[in-house]
Amino acid sequence: AEYMQDLRSPNFERRWSAARDLASILPHNAQWQNDQEFAAELANELESELINGPSGPQEIRYVHFIAEALGEFRSEAGIPALRKALSREVDRDVREAAFMRLGKLAGRLDGLHDPDAIDDLVATARDDDDPTIRVKATWILGRTRNERAINGLTSLVNDGDPEVRLNAAASL
């Protein structure tokens, strides 16, 4: 609760420090990782920040930390917010954090079961302009343990990018 108060503070430095601390502490705090309400509140914070659009490097880093923290929960509560952070309009570093945290959630939750998240990952792996993001999306598809990802991965085996092809083949 204290961290959520800090994240809502009008003092940006306090908010930034709280987000950074959460991204560092959550990987080591099993009790917090299982707190569904905390995950939902943090997801709401990420969605709010994405709507407002972070404007400078510090604000972008703040949103990045929130996305990182969401991947540490054992909860699907953050998936819709992380999906919104995958948008091409979002800063690349925040997008990359969201992709990686969806992959981390897939590992923590024994797969990713949200069909819309799978569809987003397939579309990104296939169509994104950023080759690094495409490779990461392909790799994460393999971690989802979701049958819905198989068709997307199968089509990516013939992709023009050798890294995408490699990750697609390895994931199948």
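One numbering rule holds for all chains: residues counted from 1, following each sequence as written. Whole-chain, interface and lining totals are the exception, using all residues; otherwise, since this is a predicted model, local features are given only for residues with pLDDT of at least 70 and side-chain atom pairs are given and counted only at 80 or more. Side-chain figures throughout are based on the complete set of non-hydrogen atoms in the structure, without hydrogens or water.

Provide a residue-level description of the pattern of salt bridges, including the pertinent values.
Every case where a carboxyl oxygen of Asp or Glu lies within 4 Å of a side-chain nitrogen of Lys or Arg is listed as a salt bridge. Using the criterion set out here, one finds 17 salt bridges in the structure. With a shortest N-O distance of 3.2 Å, Arg20 and Asp21 are connected by a salt bridge.

Could you give an account of the packing of aromatic side chains, with specific residues and numbers?
To describe a pair of aromatic rings, one takes the distance between the centres and the angle between the planes. Centres within 6.5 Å are what make two rings of Phe, Tyr or Trp a pair, Trp counting through its six-membered ring; a difference in plane orientation under 30 degrees is then read as stacked, over 60 as edge-to-face, and the rest as tilted. If you walk through the whole model with that rule in mind, you get five aromatic pairs. When the centroid spacing of 5.8 Å and the interplanar angle of 90 degrees are considered together, the rings of Trp32 and Phe38 count as edge-to-face. Judged by centre distance (5.5 Å) and plane angle (85 degrees), the ring pair of Phe38 and Phe73 falls under edge-to-face. Of this pair, Phe38 sits in helix α4 (residues 36-52) while Phe73 sits in the loop between α5 (57-70) and α6 (79-84), and the two are 35 residues apart along the sequence. Classification of Phe73 as buried rests on a relative accessible area of 0%. Taken together, the aromatic side chains of Tyr3, Trp32, Phe38 and Phe73 make up a single cluster linked through ring pairs. Directly above the aromatic system of Tyr62 lies the positively charged group of Arg15, at a separation of 4.8 Å from the ring centroid. Only DSSP runs of H or I reaching four residues or more are called helices, and only runs of E reaching two or more are called strands; each is numbered from the N terminus. Note on classification: 1.4 Å probe, protein chains only; a residue is buried when its accessible area is under 20% of the maximum for its type, exposed when over 50%, partly exposed between these limits. Geometrically, a lysine NZ or arginine CZ counts as sitting over a ring once it is within 6 Å of the ring centre and also within 35 degrees of the ring normal.

Explain the confidence of the model for the chain to me, and be specific about the residues and the numbers.
When pLDDT is averaged along the chain, the result is 94, and 99% of the positions lie at 70 or above. Between the elements of the chain, mean pLDDT differs from a low of 92, seen in helix α1 (residues 2-7), to a high of 97, seen in α6. The quantity called pLDDT is the predictor's confidence in a given residue, expressed from 0 to 100.

Go over the environment of Ile25 with me, naming the residues and quoting the values.
Tracing the backbone shows Ile25 in helix α2 (residues 12-25). The class for Ile25 is partly exposed, based on a relative accessible area of 29%. Sequence separation of Ile25 and Glu72 is 47 residues, and the distance between their C-alpha atoms is 9.4 Å. Beyond its immediate chain neighbours, meaning those up to four positions away, Ile25 contacts Tyr3 and Trp32. The contact criterion used is simple: two residues touch if any of their non-hydrogen atoms lie within 4.5 Å.

Would you mind going over the nonpolar core in detail, with residue names and values included?
Counting residues in hydrophobic clusters, the biggest one holds 53 residues, and the most contacted among them are Leu42, Leu46 and Leu141. Ranked by residue count, the leading element in this core is α5, at eight residues. Leaving out residues up to four positions away in the same chain, Leu141 has contacts with Ile118, Leu121, Val122, Ala125, Ala149, Leu153 and Leu156. Residues enter a nonpolar core if they are buried and are Ala, Val, Leu, Ile, Met, Phe, Trp, Tyr or Cys, with the set joined through side-chain atoms within 4.5 Å.

Go over α2 with me, naming the residues and quoting the values.
Given the number of residues in a helix, its expected span is that number minus one, multiplied by 1.5 Å. Counted at 1.5 Å a residue, the expected span for α2 with its 14 residues is 20 Å, and the 20 Å between its end C-alpha atoms agrees. Every buried residue of α2 is accounted for by Arg15, Trp16, Ala18, Ala19, Leu22 and Ala23. Seen end-on, α2 carries its buried residues on one side only, within an arc spanning 160 degrees. For α2, the N-terminal capping position is held by Asn11, with its side-chain oxygen 2.9 Å away from the main-chain nitrogen of Glu13. Comment: arc refers to directions from the helix axis out to C-beta atoms. For the purposes of these results, a polar contact is taken to be a pair of N or O atoms within 3.5 Å, where, inside protein, one atom must be able to donate a hydrogen and its partner to accept one; residues adjacent in sequence count only when each atom of the pair is a side-chain atom.

Hey, could you go over the packing of helix α7 (residues 92-108) against helix α9 (residues 131-143) for me, with residue numbers and the actual values?
Here an angle of 0 to 180 degrees is reported between the N-to-C directions of two axes, which are lines fitted to C-alpha atoms, with helices fitted over the stretch in contact. The geometry of α7 relative to α9 is characterised by a closest axis approach of 9 Å and an angle of 15 degrees between their N-to-C directions. In terms of orientation, α7 and α9 fall into the roughly parallel class. Read as a crossing pair, α7 and α9 show a hand that is left-handed. Side by side, α7 and α9 meet where Arg92, Arg95, Glu96, Phe99, Met100, Leu102, Gly103, Lys104, Ala106 and Gly107 of the first sit next to Thr132, Ile133, Lys136, Ala137, Trp139, Ile140 and Arg143 of the second. Under the scheme applied here, ten amino acids are nonpolar (Ala, Val, Leu, Ile, Met, Phe, Trp, Tyr, Cys and Pro), four are charged (Asp, Glu, Lys and Arg), and all others, including Gly, are polar. For the contact of α7 with α9, the residue count by class is eight nonpolar, three polar and six charged. By the definition adopted for this analysis, an angle is roughly parallel if under 35 degrees, roughly antiparallel if over 145, roughly perpendicular if from 65 to 115, and oblique otherwise. Working rule for handedness: look at the near helix, and if it is turned counterclockwise from the far one by less than a right angle, call the crossing left-handed; if clockwise, right-handed.

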